[in-house]
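Next come the chains, spelled out residue by residue.
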Amino acid sequence: MVGLTVGAVIFLILVGGIVRSTGSGMGCPDWPKCFGQWVPPTDVSQLPANYKEVFQVAGKEIADFSAFKTWVEYVNRLLGVLIGFFALLTVAFSIPMRKIDARITQLSIGALLLVIIQGGIGAIVVRTHLEVSTITIHMMIALVIMMVYIYAWIRSRGTLSVSNDRVSRSVLQRNLAIGGAVLLLTLLQIGMGTQVREQVDLVALEMGESQRESWIAALSGVYDIHKLFHYVLTFGIVVWIAQLKKVGPFSSIQKGSWIMVAIVAFEIGLGLWMHHGGIPAIAQPLHLLGASGLIAAEFALMSLLFNAYLASTSTPAKKLDPQFSYK
């Protein structure tokens, strides 16, 4: 169940990117209803003549009604509700495991609380008329929720079976340190990406959709750092992969390493496409999806390594899932 929840959270991050790239964030100007209805309208004729005033947000009149934007935002909310149910089910499924590993149940409950908080932040995002800082907080909490579920998932499936004659604790410690640095660099890159996204929103508002190919030229400052910082991040990932080879031929580590390489290549390609292709609307949510997937891969590897380190310090060693044994 927790694996399904991880997938749902990543998918919701993608949908959130679509909401923002299509300008649908205010498609529903109220919360939790949409234009005062549980089932949103499909035509402006279903709204009062003065709907812009009736549903104004933060003292601002809303834009003209768009059925497309309204339903994009509403589907985003429905997916959030679905994840709430998944979070409840994850807690229910984790309760029988508390005698084996109480931490899994604790993580599931903590993630459920974060999902509830995330729903409240979503309401604040709407009520502040998409105030940029609340959007950034909303995104970062989503990433935290994803990481909590990933760690719970890793613990529920076992860990790397490490013995001192195969790999030293110092190798695990070194990989944890390098992996932690790479994870922080990735979060920093995502943080800069959210600021670039804010710049793009302002430029789009000033120049209009018809001038999309000129948006890049109007960006500066953090964008210049963001587009060059991927060299630093890529170098860090290469160094980490080189160190991961010293841990041993674990199938999970090998898969995680290749996933990171694939995602980095995907992200660089998307970045080049956005820079030279006038920031295509479809590329924006895909770029966010790739960043979230990279965080997920890095954190999953960190979780495996951390559990391996804990197992290496245990006496006697834990009996763990065979999929993490040597191949």
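Keep in mind the model is a prediction, meaning the values are calculated, not measured.

(A) Representation of unusual backbone geometry. Following Trp31, the chain continues to Pro32 via a peptide bond in cis, the omega torsion being 5 degrees. Along the chain, Pro32 turns up in the loop between helix H1 (2-21) and helix H2 (51-54). With a phi close to 55 degrees, Phe35 is a non-glycine residue in the positive phi region. Tracing the backbone shows Phe35 in the loop between H1 and H2. On the basis of relative accessible area, Phe35 is assigned to the buried category, the value being 5%.

(B) Focus on the environment of Trp273. Its place among the elements puts Trp273 in helix H9 (residues 251-276). With relative accessibility at 40%, the residue Trp273 sits in the partly exposed group. The spacing of Trp273 and Ala283 is 10 residues in sequence and 7.8 Å in space, taken between C-alpha atoms. Once you skip the residues sitting within four places of it in the chain, Trp273 turns out to touch Gly278, Pro280, Ile282 and Ala283.

(C) Inspection of the packing of aromatic side chains at higher detail. This structure, assessed with the given rule, holds four aromatic pairs. Between Phe35 and Phe65 the ring centres are 5.6 Å apart and the planes differ by 70 degrees, which places this aromatic pair in the edge-to-face class. Of this pair, Phe35 sits in the loop between H1 and H2 while Phe65 sits in the loop between H2 and helix H3 (67-94), and the two are 30 residues apart along the sequence. Taken as a pair, Phe35 and Phe65 share a single burial class, namely buried. Between Trp71 and Tyr74, the aromatic rings sit 5.8 Å apart at their centres with planes inclined by 75 degrees, giving edge-to-face as the arrangement. Taken together, the residues span about one helical turn, with Trp71 and Tyr74 both in helix H3 at a distance of three residues. Residue Trp71 is classed as partly exposed on the basis of its relative accessible area of 30%. Look at Tyr74 and you get buried, because its relative accessible area is 10%.

Each value, and the rule that gives it
- As a convention, each chain's residues are numbered from 1 in the sequence order in which they are written.
- For a predicted model such as this one, the threshold for reporting local features is a pLDDT of at least 70, and the threshold for listing and counting side-chain atom pairs is 80 or more; totals across whole chains, interfaces and linings nevertheless cover every residue.
- The side-chain figures draw on all heavy atoms in the structure; neither hydrogens nor water molecules are used.
- Only runs of H or I of at least four residues qualify as helices and only runs of E of at least two qualify as strands under DSSP, and these elements are numbered from the N terminus.
- Relative accessibility thresholds used throughout: buried, under 20% of the residue-type maximum; exposed, over 50%; partly exposed, between the two (1.4 Å probe, protein chains only).
- It only takes one pair of heavy atoms within 4.5 Å for two residues to be counted as in contact.
- Aromatic pairs are defined between Phe, Tyr and Trp rings, using the six-membered ring for Trp, whenever the two ring centres lie within 6.5 Å; interplanar angles under 30 degrees are classed as stacked, those over 60 as edge-to-face, and all others as tilted.

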